Amino acid sequence: MRAKRNMIALTMATALLLTGLPPAHAASASTEDALAAAGGSGGELVAGKDLYAEDAEGTVSFENLERRVRENATTMKMLDETIASIDATDFDKMYDDLRESLNNISKAQYQLILGGQKESYTYQQLSNTYTSIEQTFDDLKEGKLQQDAEAARRQLQNAQDQTVMGAETLYIAILEMQNSRTGLQRQLSAMDRSVAEMELRYQLGQISALTLQQVKDGRTQLQSGLTTLEMNLGNYTCQLEVLLGLPQTGTLTLQEVPQVAKSQVEKMSLEDDLAAAKEKSYTLYAAKRDLDAAKETYDDARDTYHADDYEMKSAEHTYAAAQYTYQSAVENYELSFRTMFAAVADYQQVLEASESALDYQRSSYAASELKYQQGTISKNTLLTAQDDLHTAEDAVTTARHNLFSAYTTYLWAVEYGILN
C-alpha cells in the first residue's frame, strides 16, 4: 500500500489553503515569454521579453501584466513562500535524522527487552513509532518523498500560472465591458433622440400616450442596464487592482491589447503544439501520478493475495478502472486542445468578416453624409447611419478581443499545458 508521506503532508495542506483558486483556467495566456507588442496599441504580437517601458501611474498594459501580477499579487507571494519551503527541504539531512531515530528506538527497545518489558505499553508504542518512521525512511530511500515534493511544487507553480491567466482573462473582460459601455451610451443617445421625436409627435397627436410611455420605458431599461454595467466594470477593475497590488479605486486605466497577425495563426501546428502542451500539463501529470499509485496498490495486492481471492479480483478491477480514468483524462485533454485550436482560426475569420462589414459601413456613412449635405435626408437619419458605423467599429474591436483571448489562451496551453 502506498505510504503516507508525513514530511510532505503539511506542505500540501498549506498549499491547498493558499491556492483557493478554481481550476483553470480563467483564461488568456502567459505573454511575458511568448508575446510582445510592436509600438503598443494596435501593434502586432511578436516574440520577445523585457521589451516594454514601465506603465504610467494609474495605467497597466497587457504586455506588463504578467510581470506585475507575479511581483505584486499577495496570492503570488504566498505561493512563492510555500514553494520556497519545499525547496528548503534537505532530504540528505532528513535521511540521516530518520536513520538516527530508528537506531535510537532500536536501542531503547533492546533495553526494554533486557528489563523483561517486551510486552509493556512503552515497548508497543516504540514499535508503532518505529514502523511509522521506517515507512517514511523507506519512502525517502526510494525517492517517493522527493517525488511528492516535486508534485507539490508543480501544483503550486500551476496555481501561480492560473492566477496570471485569470488576471489576463479579467483584463480582456474589462476591455470588452468598456467596449459594451460605449455601445450602450451610444444607444442611450439614440434613444434620447427617439424620445424627443416621440414627444413632438405626441404633441401633434400622431401617437398615443401609451406609445410615448413605451419609448420612455425603453430608455429607462437601457439606462438601468448601463448603470449595472458601470457597477460591474468598477468591481472587475478593483479585482485587477488587487492582483496588481494597487489600492482598490476602480479607476485603473487599461491599454488596448496588441493585435494578432494572421501569419501567427497560420503558424500554429496542431500536432506539434498538442504534444508540447501534454508534456507540460499539470493535469495530465497529476492523472499519471494517480495511475502510478493505483498500479502500486495493485502490485501490493498481487504480493499479498492469491489470484482466486476476492481481494485480488477487486484489486484487478480497481486498477483497470484507474487505467480507463487516465485514458479518459488524456482524451478529454486532447479534445479540449483541438477545440481551442479550431477556435483561434474561427475567431480569425470572424474578425475578417467584421472588418469587411466595417468597410461597408464606412462607405454607407460617406454616402449618407453626401445625402445630408444635399438635403435629401434628415439629421436624425445621418446620426443613425453614424451609429451603425460605430456599431460596426465596436464589432471589430470585440472580434479582435476574442481573437486575442483565444490566441493567448492557446499559448498558455502550449507553453504551460494549461487549458482554459
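The residue numbering used here restarts from 1 in each chain and proceeds along that chain's sequence as written. Local features in this predicted model are restricted to residues of pLDDT 70 or higher, and side-chain atom pairs are both shown and tallied only at a pLDDT of 80 or more, whereas totals for entire chains, interfaces and linings draw on every residue. Note that water and hydrogens are dropped before the side-chain values are worked out from all heavy atoms of the structure.

A. Up close: the overall build of the chain. Secondary structure is summarised from DSSP: a helix means a run of H or I of at least four residues, a strand means a run of E of at least two, and numbering begins at the N terminus for each. The number of helices and strands found in the chain is 12 helices and two strands. Tracing the chain from N to C terminus, the helices and strands come up as α-β-α-α-α-α-α-α-β-α-α-α-α-α. Between buried and exposed lies partly exposed: a residue is buried under 20% and exposed over 50% of the maximum accessible area for its type, with that area taken using a 1.4 Å probe on protein chains only. Every one of the 420 residues in the chain was classed for burial, and the buried ones make up 39%. Any two residues whose heavy atoms approach within 4.5 Å at even a single point are treated as in contact. Considering only contacts within the chain whose residues lie at least 6 apart along the sequence, 79% involve residues at least 24 apart. Areas reported here follow the Shrake-Rupley algorithm with a probe of radius 1.4 Å; residue values treat only the protein chains shown as occluding. Carbon together with sulfur atoms contributes 50% to the accessible area of the chain, which is approximately 23,000 Å² in total.

B. Molecular detail of the nonpolar core. Ranked by internal contacts, the top residues of the largest apolar core, which has 58 residues, are Leu65, Val69, Tyr171, Leu240, Leu254, Phe337 and Val344. Those elements that place two or more of their residues in this core are α2 (62-72), α6 (144-203), α7 (209-243), α9 (270-280), α11 (310-374) and α12 (379-416). In terms of residue count, the dominant contributor to this core is α12 (15 residues). Ignoring anything within four residues of it in the chain, the contact list for Leu254 reads Val60, Tyr171, Ile174, Leu175 and Leu240. Ile83, Leu98, Ile133 and Leu140 belong to the second largest nonpolar core, which has 16 residues in total. What we call a nonpolar core is a set of buried Ala, Val, Leu, Ile, Met, Phe, Trp, Tyr and Cys residues that are connected through their side-chain atoms within 4.5 Å.

C. Looking closely at the confidence of the model for the chain. Per-residue confidence from the predictor is reported as pLDDT, which spans 0 to 100. For the chain, mean pLDDT is 87; residues scoring 70 or higher make up 88% of the total. Put simply, helix α1 (residues 6-18) is where the chain has its lowest mean pLDDT, 36, and strand β2 (residues 253-254) is where it has its highest, 98. A low-confidence stretch, residues 1-49 (pLDDT under 50), is modelled with 129 contacts involving residues beyond four sequence positions or located in other chains.

D. Expanded view of the packing of aromatic side chains. Pairing of aromatic side chains here covers Phe, Tyr and the six-membered ring of Trp, requires ring centres within 6.5 Å, and sorts the geometry by plane angle: under 30 degrees stacked, over 60 edge-to-face, intermediate tilted. Within this structure, the stated rule accounts for eight aromatic pairs. For the pair Tyr298 and Tyr319, a centre-to-centre distance of 5.0 Å together with 10° between the ring planes defines the contact as stacked. Placement of Tyr298 in helix α10 (residues 282-304) and of Tyr319 in helix α11 is noted, with a sequence separation of 21 residues between them. Judged on exposure class, the residue Tyr298 and its partner Tyr319 are both buried. Measuring from centroid to centroid gives 5.2 Å for Phe337 and Tyr410, while their planes differ by 45°, and the two rings are tilted. Residue Phe337 is located in helix α11, and its partner Tyr410 is located in helix α12; the two are separated by 73 residues in the primary sequence. Just as Phe337 is buried, Tyr410 falls in that class too. By the ring-pair criterion, three or more aromatic residues cluster together here, those being Phe62, Tyr171 and Phe404. Distance and angle both matter: a charge sits over a ring if NZ of Lys or CZ of Arg is within 6 Å of the ring centre and within 35 degrees of the ring normal. The ring of Tyr285 has Arg154 lying over it, and the distance from NZ or CZ to the ring centre is 4.0 Å.

E. Here's a closer look at the pattern of salt bridges. Counted as salt bridges are all cases of a side-chain nitrogen of Lys or Arg within 4 Å of a carboxyl oxygen of Asp or Glu. Summed over the entire model, instances satisfying the criterion amount to 26 salt bridges. Among the ionic pairs, Lys144 bridges to Glu142, the shortest N-O distance being 3.2 Å. Across the salt bridge formed by Glu352 and Lys262, the nearest N and O atoms sit 3.3 Å from each other. Residue Glu352 is located in helix α11, and its partner Lys262 is located in helix α8 (residues 262-266); the two are separated by 90 residues in the primary sequence.

F. View of α2. Where burial is concerned, most of α2 is hidden: eight out of the 11 residues are buried. When we look at burial in α2, the residues that qualify are Phe62, Glu63, Asn64, Leu65, Glu66, Arg67, Arg68 and Val69. Those residues of α2 that are buried are in contact with β1 (59-60), α3 (74-87), α6, α7 and α12.

G. Representation of the side chain of Gln160 in the model. Mapped onto the elements, Gln160 comes out in helix α6. Polar contact criterion, stated in full: a pair of N or O atoms within 3.5 Å, where within protein one must be able to donate a hydrogen and the other to accept it, and residues adjacent in sequence count only if both atoms are side-chain atoms. Of note is the side chain of Gln160, whose polar atom sits 2.6 Å from the side chain of Asp80.

H. Highlighting the packing of α9 against α12. Comment: axis = line fitted to C-alpha atoms, over the contacting stretch for helices; angle = value between 0 and 180 degrees taken between N-to-C directions. Two elements in contact, α9 and α12, have axes whose closest approach is 6 Å; the angle formed by their N-to-C orientations is 60°. Taken together, the axis directions place α9 and α12 in an arrangement best described as oblique. Two secondary-structure elements touch here, α9 through Leu270, Asp273, Ala276, Ala277 and Lys280 and α12 through Tyr410, Ala413, Val414, Glu415 and Tyr416. Throughout this entry, Asp, Glu, Lys and Arg are counted as charged residues, while Ala, Val, Leu, Ile, Met, Phe, Trp, Tyr, Cys and Pro are counted as nonpolar. The remaining residues, Gly among them, count as polar. The residue makeup of the contact of α9 with α12, split by class, is seven nonpolar, no polar and three charged. For classification, angles of less than 35 degrees are called roughly parallel, those exceeding 145 degrees roughly antiparallel, those between 65 and 115 degrees roughly perpendicular, and all remaining angles oblique.

I. A look at α10. In a helix, the anticipated span is given by 1.5 Å times the number of residues less one. For α10, with 23 residues, the first-to-last C-alpha span of 33 Å sits near the 33 Å given by 1.5 Å per residue. If you check which residues of α10 are buried, you get Tyr282, Leu284, Ala287, Arg289, Leu291, Ala293, Ala294, Glu296, Tyr298 and Ala301. Contacts from the buried residues of α10 go to α6, α9 and α11. Where α10 begins, the capping side chain belongs to Ser281, and its oxygen is found 3.2 Å from the backbone nitrogen of Thr283.

J. Representation of the packing of α11 against α12. For the pair α11 and α12, interaxial distance at closest approach is 8 Å and the crossing angle is 160°. The angle between α11 and α12 places the two elements in the roughly antiparallel class. α11 and α12 meet at a crossing whose hand is left-handed. Class assignment for the residues of the contact of α11 with α12 results in 24 nonpolar, seven polar and seven charged. Crossing handedness follows the turn of the near helix against the far one: under a right angle anticlockwise gives a left-handed crossing, and clockwise gives a right-handed one.

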